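Descriptive analysis of the structure
The chain contents come next:
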Amino acid sequence: MAAVDRSVAVLAYPGMSVFETGIVTEVFGLPRPELGVEWYRLTVCAERPGPVPVVGGAALHTPYGLAELAAAGTVILPGVPDVTADPSPGLVAALRRAHRRGARLMSICSGAFALAGAGLLDGRRATTHWRYADLLARRHPAVTVDPDVLYLDDGDILTSAGSAAGLDLCVHVVRRDLGAAVANAVARRLVIPPHRDGGQAQFIEAPVSVDPDDDRISASMAWAVRHLAEPLTVAALARHAHMSTRSYLRHFARATGTSPIRWLLDQRVRASLALLETTDAPVAEIATAVGFDSPVTYRHHFGRAMRTAPSAYRRAFRAGAA
């Protein structure tokens, strides 16, 4: 991919949960020399340098303020202290300054309210935690709020739903910057799926379940990933799970928040990334290798998922690696 400024700044704020900052720290802050790539340089900032009280009576101390936040290549807002209040003039100025100089801005959960309060989401699609979606839409009518997705990548501004979706967004950014192999390695270390599509539903009916049918769904998904090059249908997945097609569709949606076909398409696109990055195989050959019935179909779904063409992705990734 194209060369990216590896400096990342995350804003700490009074009353935050340390998990919110921890998401960013885990992905961008821990050194990963074993991956053999230039890693990110993380700075934790605050509106006022010094101690920042956090949930539980502790305090996080940082010497870095809004100047360092505005100077980073990627600026991350993991939340706001009050979704009914406007961001401070100082924070608004820092965010606008970062945006003008070409920084990438990201929000997790209620952090979207700070971006919207700075006017940076006007005319754009954005998401936030489903609890706050209606309020964000009411307070900022110029923003097109999508309450149903895990995250949205709008190029220089990215927004995500609740904390777990923030992890998905951070891994997505690593994939965008450094490729599928590195992102998958980070996901394995975090013990999270490397493949959650931003378009999945936020709210899953039974995210933690003792239903044995969920194990059958998981087994069928693992089987499908091993057989992506083969023709796969919902009926075939259902047979592998020993369920009727109707039951399979219902349980799959409940367990994953998406449909089997959408999930399969995403898996095939994700599987093709490593082939584009590491081989010189023609696009038509890659399309066949990951299970698409034609290069045209592959290019269509790749463009929907990655917002670029396979050949352009390959050129950009290799230019960035060089």
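Below you will find a few notes about this structure. (Residues numbered from 1 in each chain as written. Predicted model: local features only at pLDDT ≥ 70, side-chain atom pairs only at ≥ 80, totals over all residues. Heavy atoms only, no water.)

1. Points about the packing of helix α6 (residues 163-178) against helix α7 (residues 180-190)
Axis angle and axis distance: for two packed helices, these are the angle between their axes and the distance between the axes, and together they describe the pair. Contact geometry of α6 with α7 gives a least axis separation of 7 Å together with a crossing angle of 150°. It follows that α6 is roughly antiparallel to α7 by the angle criterion. Note on packing geometry: the crossing formed by α6 with α7 is right-handed. Contact with α6, carried on its side by L167, V171, V174, R175 and L178, involves A180, V182, A183, N184, V186, A187 and L190 of α7 and no other residues of that element. Residue composition of the contact of α6 with α7, by class: ten nonpolar, one polar and one charged. (Axes fitted to C-alpha atoms, helices over the stretch in contact; angles between N-to-C directions. Helix = DSSP H or I, 4+ residues; strand = E, 2+ residues; numbered from the N terminus. Parallel < 35°, antiparallel > 145°, perpendicular 65-115°, else oblique. Left-handed = near helix turned anticlockwise from the far one by under 90°. Contact = heavy atoms within 4.5 Å. Nonpolar A, V, L, I, M, F, W, Y, C, P; charged D, E, K, R; others polar.)

2. Thoughts on helix α13 (residues 295-306)
The first and last C-alpha atoms of α13 sit 16 Å apart over twelve residues, in line with the 16 Å expected at 1.5 Å per residue. Every buried residue of α13 is listed here: Y298, H301, F302 and M306. What you see down the axis of α13 is that its buried residues fit within an arc of 110°, all on one side. Among the exposed residues of α13, those oriented more than 90 degrees off its buried face are V296 and H300. Positive backbone phi, at 60°, marks R307, one or two positions downstream of α13. (Expected span 1.5 Å × (residues − 1). Buried < 20%, exposed > 50% of the residue type's maximum accessible area, 1.4 Å probe, protein only. Arc of directions from axis to C-beta.)

3. Focus on the packing of aromatic side chains
Tallied over the full model, the rule gives eight aromatic pairs. Relative to Y40, the ring of W39 has its centre 5.1 Å away and its plane inclined at 80°; by these criteria the two rings are edge-to-face. No difference in accessibility class separates W39 from Y40, as the two residues are buried. When the ring of F113 is compared with that of Y132, the centres are 6.2 Å apart and the planes differ by 85°; the resulting orientation is edge-to-face. Of this pair, F113 sits in helix α4 (residues 112-117) while Y132 is found in the loop between β7 (125-126) and α5 (133-139), placing the two residues 19 residues apart along the sequence. Clustering of aromatic rings is evident, with ring pairs tying together F292, Y298, F302 and Y313. Sitting over the face of the ring of Y40, R6 holds its NZ or CZ atom 5.7 Å from the ring centroid. (Phe/Tyr/Trp six-rings, centres within 6.5 Å; stacked < 30°, edge-to-face > 60°. Lys NZ or Arg CZ within 6 Å of the ring centre and 35° of its normal.)

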